[in-house]
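Okay, here's what each chain looks like letter by letter:
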Amino acid sequence: MNFKKTLAATLIAAQMLAPLTAVVSQGASAQAPVSAPAAENVAVVLAPPFINAQSYLVVEATSGQVIGEVNAKARRDPASLTKLMTAFIVFDALYQKQINLSQRLRIPERAWKADGARLNLPPGTPVTAEELVRGMLIHSANDAAVALAIAVAGNEGEFIARMNREAKRLGMNDTNFLNPTGLPQQGHFSTAHDLTVLSLAIMREYPQYTRFFGEKSVMIGGTTYENRNRLLFTDATVDGLKTGFTDAAGYCLAASIKRGPRRVLAVMLGAPSDAARLGEMQKLIDWAFTAYEPRQFYEARKPIQQLQVWKSTVDAIPIGFRDDVVAINVAGKTHEITTELTIPEPAFGPIQSGDKVGTLKVKRAGNLLYERDVIAFESAPQAPMWKRMWHGVVLFFKGLFK
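Reading guide: rules and limits
- Residues numbered from 1 in each chain as written.
- Predicted model: local features only at pLDDT ≥ 70, side-chain atom pairs only at ≥ 80, totals over all residues.
- Heavy atoms only, no water.
- Helix = DSSP H or I, 4+ residues; strand = E, 2+ residues; numbered from the N terminus.
- Buried < 20%, exposed > 50% of the residue type's maximum accessible area, 1.4 Å probe, protein only.
- Contact = heavy atoms within 4.5 Å.
- Areas by Shrake-Rupley, 256 points an atom, 1.4 Å probe, with all protein chains shown as cover.
- Pairing = 2+ DSSP bridges.
- Core = buried A, V, L, I, M, F, W, Y, C linked by side-chain atoms within 4.5 Å.
- Axes fitted to C-alpha atoms, helices over the stretch in contact; angles between N-to-C directions.
- Parallel < 35°, antiparallel > 145°, perpendicular 65-115°, else oblique.
- Left-handed = near helix turned anticlockwise from the far one by under 90°.
- Nonpolar A, V, L, I, M, F, W, Y, C, P; charged D, E, K, R; others polar.
- Expected span 1.5 Å × (residues − 1).
- Salt bridge = Lys/Arg side-chain N within 4 Å of Asp/Glu carboxyl O.

Visitor: Just give me the short version of the overall build of the protein, but keep the residues and values in it.
Guide: Along the backbone of the protein there are 10 helices and 17 strands. Sorting the 402 residues of the protein into buried and exposed places 51% on the buried side. Of the contacts made within the protein by residues no fewer than 6 positions apart, 66% connect residues no fewer than 24 positions apart. For the protein, the computed accessible surface area is about 17400 Å², with 53% contributed by carbon and sulfur atoms.

Visitor: Can you tell me about the sheet that holds strand E11 (residues 305–310), naming the residues and giving the values?
Guide: The six strands lie next to each other as E14-E16-E17-E12-E11-E15, forming an open sheet whose pairing is mixed. Where the open sheet ends on each side, the last strands, each with one partner, are strand E14 (337–342) and strand E15 (347–348). Relative to strand E17 (residues 367–376), strand E16 (residues 356–364) runs antiparallel, the two being bridged by eight bridges. Among the inter-strand pairings, Gly358 is bridged to a residue of E17, identified as Val374.

Visitor: Account for unusual backbone geometry, naming residues and giving values.
Guide: The omega torsion of the bond from Glu345 to Pro346 falls at 5°, within 30 degrees of zero and hence cis. Relative to the helices and strands, Pro346 resides in the loop between E14 and E15. Located in the positive-phi region is Arg301, a residue other than glycine, with phi close to 60°. Following the sequence through the fold, Arg301 ends up in the loop between strand E10 (292–298) and E11. Arg301 gets classed as partly exposed once you look at its relative accessible area, which sits at 47%. Look at Lys311: it is not a glycine, yet its phi comes out positive at around 60°. With respect to the helices and strands, the residue Lys311 is situated in the loop between E11 and strand E12 (316–320).

Visitor: How would you summarise the nonpolar core if you had to cite specific residues and measurements?
Guide: Counting residues in hydrophobic clusters, the biggest one holds 69 residues, and the most contacted among them are Met85, Phe91, Leu132 and Leu198. In terms of residue count, helix H2 (residues 83–95) provides more of this core than any other element does, nine residues in total. Formed by 26 residues, the second largest nonpolar core is a distinct cluster that contains Ile51, Val70, Ala276 and Tyr292.

Visitor: Talk me through the pairing of strand E13 (residues 325–330); I want residue IDs and the actual numbers.
Guide: In terms of residue burial, E13 counts as a mostly covered element, since six of its six residues are buried. Sheet topology note: the E10/E13 ladder contains six bridges and is antiparallel. In the strand pairing of E13, Gln296 is matched with Val326.

Visitor: Quick rundown of the sheet that holds strand E1 (residues 55–60)? Include the residues and the values.
Guide: The antiparallel open sheet is built from five strands, whose spatial order is E2-E1-E9-E8-E7. Both edges of this open sheet fall to strand E2 (66–70) and strand E7 (238–246), since each of them pairs with a single strand only. Recorded for the sheet is a direction-independent mean angle of 5° between the axes of neighbouring strands. Bridge analysis of E1 against strand E9 (residues 262–271) gives six bridges, and the strand direction is antiparallel. In the strand pairing of E9, Val59 is matched with Leu265.

Visitor: Report on the packing of H2 against helix H5 (residues 142–153), specifying residues and quantitative values.
Guide: Between H2 and H5, the shortest axis-to-axis distance is 10 Å and the interhelical angle comes to 40°. In terms of orientation, H2 and H5 fall into the oblique class. In terms of crossing hand, the pair formed by H2 and H5 is left-handed. On H5, the residues touching Lys83, Thr86, Ile89, Val90 and Ala93 of H2 are Asn142, Ala145, Leu148 and Val152. Of the residues that constitute the contact of H2 with H5, the class distribution is six nonpolar, two polar and one charged.

Visitor: Before we move on, could you go through helix H7 (residues 192–205) and cite the residues and values that matter?
Guide: With 14 residues, H7 extends 20 Å between its outermost C-alpha atoms, agreeing within 8% with the 20 Å of an ideal straight helix rising 1.5 Å per residue. Of all 14 residues in H7, 13 are buried, a share of seventy percent or more.

Visitor: Tell me about helix H4 (residues 129–138), and name the residues and values.
Guide: Given 3.6 residues per turn, any residue in an α-helix points the same way as the ones three and four places further on. Of all the 10 residues making up H4, seven are buried; the element is thus mostly covered by neighbouring parts of the structure. Those residues of H4 not exposed but buried are Ala129, Leu132, Val133, Gly135, Met136, Leu137 and Ile138. Following H4 by one or two positions, Ser140 adopts a phi angle in the positive range, close to 65°.

Visitor: I'd love a proper account of the pattern of salt bridges, names of residues and values included.
Guide: Going through the model one piece at a time under the given rule, you end up with 16 salt bridges. The residue Lys113 makes a salt bridge to Glu109 at a minimum N-O spacing of 3.4 Å. Of the residues examined, Lys113 reaches a relative accessible area of 51% and is grouped as exposed. The partly exposed category is assigned to Glu109, whose relative accessible area is 46%. When the shortest N-O distance is used, the salt bridge between Arg169 and Glu166 registers 2.3 Å. Taken as a pair, Arg169 and Glu166 lie in helix H6 (residues 156–170) at a separation of three residues, close to a single helical turn. We note that Arg169, like Glu166, is buried. Several salt bridges converge on common partners, so that one network encompasses Asp235, Arg259 and Asp286.

Just geometry here; none of it tells us what the structure is for.
Written as structure tokens, this is what we have:
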């Protein structure tokens, strides 16, 4: 992983591990006690429905605000939600051009022997990396996961070591991976919290590949496989991410939902049946969108103003935000959400596209919810010496008359 992506992922983890800004716990319905958040961080909201699952966490994906949780840090068997980390590492390999989607790979014998859901391709069968990615994410094929792990890291053991390094780097402190598939092994565990951190990292770091999660079917080797995430077929606003099931884990689901300006991410572990996984997640999603309302301040990649740049070959550059700036509050109280924009001036060249040039603080009733970097949308190259000297003189006299 390069430094830029390491820093970005670290910031994602820090945001998710910060004190909860708006949390609702299911209370008596939980399987184990849930720690109460600090009183000043609690908002009065529409009570959540009873959710028949061992744990869950639901967050506003854009801001990282926590909407509701039960036992979110309880360690559990993650089943095939493990493949979210497998996908995260494969996506990075694609981004780094270590492999490419059209590259033809051969099914290793080790992959062919994988238990559970499979593509059933014989050893040596040529298949594209894209087919393996789609088979892993849509059909949850274990042989595809193992084949990708070997293609990326050379062997399964090294890939697993990389999975755990990435988990540690992301701040997934209650996670340990022993395989890339999610097949049950003692000591293989994660939490709803950690899988939420991972899902957010995938969506923010590799949006170009998240389309695979939302595909309803794939044909590989003459066989059509339907996506195991049935919400894709029953709710048009759902566009990902992944299901999981083992006897030990129960029925699990990480779901991404986009309605209007809001994107919600929900991770649920340990539902008692496939039908319960579908129904309970739908209840949780609908509650999350009903209990809270959004306030959108800025659109992603849309300039908010022109920043004057001194000692540069250009006079000004457009600035704005990488992502939508959206915050939520209790329904009917979005007026309590405010912003505070700080852009230090004067700004000097050189500035590279993507560089931070300011900070936006999003607050609710005066309390900080989160911060966003204001970035340059275009570069401002350094001016030649004569222009830099002239600007220095101008700024000197401007300072005298302030």
